[in-house]
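Topology and contacts: notes
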Amino acid sequence: MEKKIKVAPSLLSFDFGQLSKEVHRIINAKADWLHLDIMDGIFVPNLSFGIPVCEAIKDAMIFKDVHLMITHPHLYVDSFVKLNANLITFHLEACERKKEIQDLIQKIKSKNIKVGISIKPETPLEYVLPYLKDVDLVLVMAVEPGFGGQSYIENTTQRIKTLYDYIHSRGYACLIEVDGGINEKTAKLAIDAGADVLVAGSYLKDDKIKEKIQKLKNL
Ligand code: DX5
Ligand code: ZN
């Protein structure tokens, strides 16, 4: 059976002056998930949006994929759970110890929502492998986190392939999500390598969003 690719538009690239309109446009375009990029200016060299903006869209009828690019992610899990997050993904690099990572995975799971772990482009894949049996998703960054509109880093494709082989040879249920520089061309590379979920910001923000989402799903 053909696998179903999910598309998660990144809100960061859309017009915050018309927040609820934009979220509806994303829903009407048949996006699977809404990707919410939370940045703190410390873990990444940029600030995005946080709790008040997520509060404003908490009742939107779409799966909310929260990507925490922040230090001390454990301090904010409860807040995002209250804001109807369906998946919370934190960065491996934001945690100092193995125990911290394991505890955070358990904490998010205990809220009955999905948990993801993300890795930056330069982080060796070996670091994330021990956690793949316990998480619902691994988020592979295809750009340095912090900004939309960057170009897909080429070796991401190989990284996805390696993760795919590792996950599938062990029968884990972990999905692979890719984030950064996704367009028709790079999406095809990522899907062929084994990606299940595509995050896309700048590629999807225009009025062709519906056609483009369809195209990404059928590559
Ligand atoms: C980058 C964010 C991405 C970003 C994607 O730090 O995690 O989700 O918004 O934007 P594009 O698709 O434009 O690279
Ligand atoms: Zn993201």
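These notes cover the structure that comes with them. (Residues numbered from 1 in each chain as written. Chains lettered and ligands numbered in written order. Predicted model: local features only at pLDDT ≥ 70, side-chain atom pairs only at ≥ 80, totals over all residues. Heavy atoms only, no water.)

1. Regarding the coordination of the zinc ion (ligand 2)
Distances from the zinc ion (ligand 2) to its protein donors, H35 (NE2), D37 (OD), H67 (ND1) and D179 (OD), fall within 2.0 to 2.3 Å. One can describe the donor arrangement at the zinc ion (ligand 2) as octahedral, given that its six donor atoms subtend angles of 69 to 168° at the metal. Between consecutive donor residues of the zinc ion (ligand 2), the sequence gaps follow H-x1-D-x29-H-x111-D. A relative accessible area of 5% means that D37 is categorised as buried. (Donors = N, O, S within 2.8 Å, 3.2 Å for Na, K, Ca; no water. Tetrahedral: all angles 85-135°; square planar, octahedral: opposite > 155°, others 65-115°. Buried < 20%, exposed > 50% of the residue type's maximum accessible area, 1.4 Å probe, protein only.)

2. Here we look at the pairing of strand 5 (residues 114–119)
Extensive coverage of strand 5 is indicated by the burial of five of its six residues. As defined by bridge partners, strand 4 (residues 87–91) adjoins strand 5 across five bridges and the pair is classed as parallel. What sits directly across from I88, in strand 5, is V115. Crossover strand 4 to strand 5 through helix 4 (residues 98–109) is right-handed. Where strand 5 meets strand 6 (residues 137–141), four bridges bridge the pair, whose relative direction is parallel. Paired with I117 across the bridge in strand 6 is V138. (Helix = DSSP H or I, 4+ residues; strand = E, 2+ residues; numbered from the N terminus. Pairing = 2+ DSSP bridges. Right-handed = clockwise from strand over helix to strand, strands pointing away.)

3. A short note on the sheet that holds strand 3 (residues 63–69)
If you trace the eight strands from one edge of the open sheet to the other, you get 1-8-7-6-5-4-3-2, paired in parallel fashion. Both edges of this open sheet fall to strand 1 (6–9) and strand 2 (33–39), since each of them pairs with a single strand only. Between one strand axis and the next, the sheet turns by 20° as a mean value, whatever way the strands run. As paired strands, strand 6 and strand 7 (residues 175–179) are joined by five bridges and run parallel to one another. Considered in strand 7, the bridge of M141 is made with D179. (Axes fitted to C-alpha atoms, helices over the stretch in contact; angles between N-to-C directions.)

4. Let's talk about the site of ligand 1
Neighbouring residues of ligand 1: 20 residues in total, closest G146, G149, D179, G201 and S202. Coverage of ligand 1 by the protein amounts to 99% of the 380 Å² it exposes when considered alone. At the level of secondary structure, the elements contributing two or more residues to the shell around ligand 1 comprise strand 2, strand 3 and strand 8 (197–200). No other element matches strand 2, which puts three residues into the shell around ligand 1. Looking at the shell around ligand 1 residue by residue, the class counts come to eight nonpolar, ten polar and two charged. (Near = heavy atom within 4 Å. Areas by Shrake-Rupley, 256 points an atom, 1.4 Å probe, with all protein chains shown as cover. Nonpolar A, V, L, I, M, F, W, Y, C, P; charged D, E, K, R; others polar.)

5. Overview of helix 4
A turn of α-helix holds 3.6 residues, and therefore any two residues three or four places apart point the same way. Taking 1.5 Å of rise per residue, the twelve residues of helix 4 would be expected to cover 16 Å, and the 17 Å separating its terminal C-alpha atoms lies within 8% of that figure. Among the residues of helix 4, I101, L104, I105 and I108 are the ones counted as buried. With its buried residues spanning 100° around the axis, helix 4 presents them on a single face. Elements that come into contact with the buried residues of helix 4 comprise helix 3 (77–82), strand 4 and strand 5. (Expected span 1.5 Å × (residues − 1). Arc of directions from axis to C-beta. Contact = heavy atoms within 4.5 Å.)

6. Focus on the environment of S13
By secondary structure assignment, the location of S13 is in the loop between strand 1 and helix 1 (19–28). Filtering out sequence-adjacent residues up to four positions away, S13 remains in contact with G201, S202 and K205.

7. Observations regarding a nonpolar patch on the surface
There is a patch of nonpolar side chains on the surface, built from I51, L75 and Y76 and spanning about 260 Å² of accessible area. Tracing the backbone through its elements, the reader meets L75 in the loop between strand 3 and helix 3. The exposed category is assigned to L75, whose relative accessible area is 53%. (Patch = residues over 30% accessible without salt bridge, like charges linked within 9 Å, V, L, I, M, F, W, Y side chains within 5 Å. Salt bridge = Lys/Arg side-chain N within 4 Å of Asp/Glu carboxyl O.)

8. Thoughts on the state of the cysteines
Throughout the structure, instances matching the rule amount to zero disulfides. A disulfide-free cysteine, C95 has its sulfur positioned 16 Å from the sulfur of C174, the nearest such atom. Residue classification places C95 among the buried residues on the basis of a relative accessible area of 11%. (Disulfide = S-S within 2.5 Å.)

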